[in-house]
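Chains, contacts and geometry: an overview
What follows is each chain in one-letter form.
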Amino acid sequence: MKVITGVAGFIGSCMLSRLNQEGIKDVVIVDDFSKEERKNNYKDKQYSLAIDREEFPLWLKDNADKVDFVVHLGARSDTTEKDWNVFLKLNLGYSQTLWKICADNNIPFIYASSAATYGDGNNGYSDDIATIDKLQPLNLYGKSKQDFDIWQLQQEKRPPFWAGLKFFNVYGPNEYHKGRMASVVMHAFYQIKEQGRVALFKSHREGFKDGEQLRDFVYVKDVVEVILFLMKEQPKSDIYNIGTGAARSFYDLVKNIFVALGKDVAVDFIPMPVDIRDKYQYYTCADMDKLKSVGYTKQFSSIEEGVKDYVLNYLSEHKYF
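A few points on the structure. (Residues numbered from 1 in each chain as written. Predicted model: local features only at pLDDT ≥ 70, side-chain atom pairs only at ≥ 80, totals over all residues. Heavy atoms only, no water.)

In the Ramachandran plot, Asn 106 falls in the positive-phi region, its phi being about 55° despite a non-glycine side chain. Locating Asn 106 in the fold gives a position in the loop between α3 (84-104) and β5 (109-112). Overall, Asn 106 belongs to the exposed group, its relative accessible area being 57%. One non-glycine residue, Gln 234, adopts positive backbone phi at about 40°. Tracing the backbone shows Gln 234 in the loop between α6 (220-233) and β11 (238-242). (Helix = DSSP H or I, 4+ residues; strand = E, 2+ residues; numbered from the N terminus. Buried < 20%, exposed > 50% of the residue type's maximum accessible area, 1.4 Å probe, protein only.)

With that settled, consider the pattern of salt bridges. Pairing is possible between side chains that carry opposite charge, provided their charged atoms lie close to one another. Counted under the stated rule, the structure contains 18 salt bridges. One salt bridge in this structure joins Lys 157 and Asp 104, with 3.1 Å as the shortest N-O distance. Taken together, the residues span a long stretch of sequence, with Lys 157 in the loop between α4 (140-153) and β6 (162-167) and Asp 104 in helix α3 at a distance of 53 residues. Here the residues in one salt-bridge network are Arg 18, Glu 22, Glu 225, Lys 232 and Lys 298, joined through shared partners. (Salt bridge = Lys/Arg side-chain N within 4 Å of Asp/Glu carboxyl O.)

At a minimum axis distance of 9 Å, the contact between helix α1 (residues 10-21) and α6 shows a crossing angle of 60°. Taken together, the axis directions place α1 and α6 in an arrangement best described as oblique. Seen along the crossing, α1 lies across α6 with a hand that is right-handed. Packed against α1, whose contacting residues are Phe 10, Ile 11, Cys 14, Met 15, Arg 18 and Leu 19, the element α6 presents Val 220, Val 223, Val 224, Glu 225, Ile 227, Leu 228 and Met 231 at the interface. (Axes fitted to C-alpha atoms, helices over the stretch in contact; angles between N-to-C directions. Parallel < 35°, antiparallel > 145°, perpendicular 65-115°, else oblique. Left-handed = near helix turned anticlockwise from the far one by under 90°. Contact = heavy atoms within 4.5 Å.)

Checked against the element boundaries, Asp 216 lands in the loop between β9 (214-215) and β10 (217-219). Among buried charged residues, Asp 216 stands out as having no salt bridge; its nearest opposite-charge side chain is Arg 248, 9.5 Å away. A polar contact is formed between the side chain of Asp 216 and the backbone nitrogen of Gly 245, at a distance of 2.9 Å. Those residues in contact with Asp 216 that lie beyond four places of it in its chain are Phe 168, Asn 169, Gly 243, Thr 244, Gly 245, Ala 246, Ala 247, Thr 284, Cys 285 and Ala 286. (Lys, Arg positive; Asp, Glu negative; His and termini not counted. Polar contact = N/O pair within 3.5 Å; in protein donor to acceptor, adjacent residues only side chain to side chain.)

Nothing here speaks to function; it is geometry throughout.
Right under this line is the structure:
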């Protein structure tokens, strides 16, 4: 059987759906299942057992011989969280526990890292592990992911296959529950529906016009395709960027929402909140050479393609993937 943690969340629930599409139903799902607003993410999907995240490590130890893969996507993902102890427990300590169990029992292990580890990008966006200790994340969330990447690279005992995935700006279905942390696409969609306009942050840095801050936006359907590839092929164990390799502006992103809805573009520029202004990334773009080098050949969705699918097939009808 396979295990996915974080199934009540965004990427985890989409991963379960993708496995179901492959006919894989013997899946153990792990999360905090007490939150009512997240139940629609997994309630109509097929799985064999649901386990609370607090109980899962002991269950995994006791049932390791039945598990052939662990995909660890559960984490505290709020980049504005200020309590390091939260990240220490959920992102670092919990991940270390699962890593050790998988290493001890020869279970392949995929885990979620983050492009937040790259900080302001001064050291580039290469997923070369030889330079990983030079990265300086801008927030505690990024630090927790960076700390785990460094910790696991220092371990002598390892799972038979492992992969750390540095997700860039992921958007797509099943993020209704995320509130402030949901993608710009979801927030902009509802602004357009309610007001006919979208608000984007002004630029507070020379060289970037308002709305022209750049991100590597990657559609969640492409993300789960990469994870499925790694599960099936188990190429070189490594840390991999998961983006498109193309940086696009926030203006381009929201423009495509208007296009999908058949509306004229109407954008207002507002001051960036002070609490994130000094820790804001103005440019991200994944170096995707490593993933391609191990045989991944599928094309990633452009924002034109991804936004259109998300808006018309999910957001417009409040549907789930």
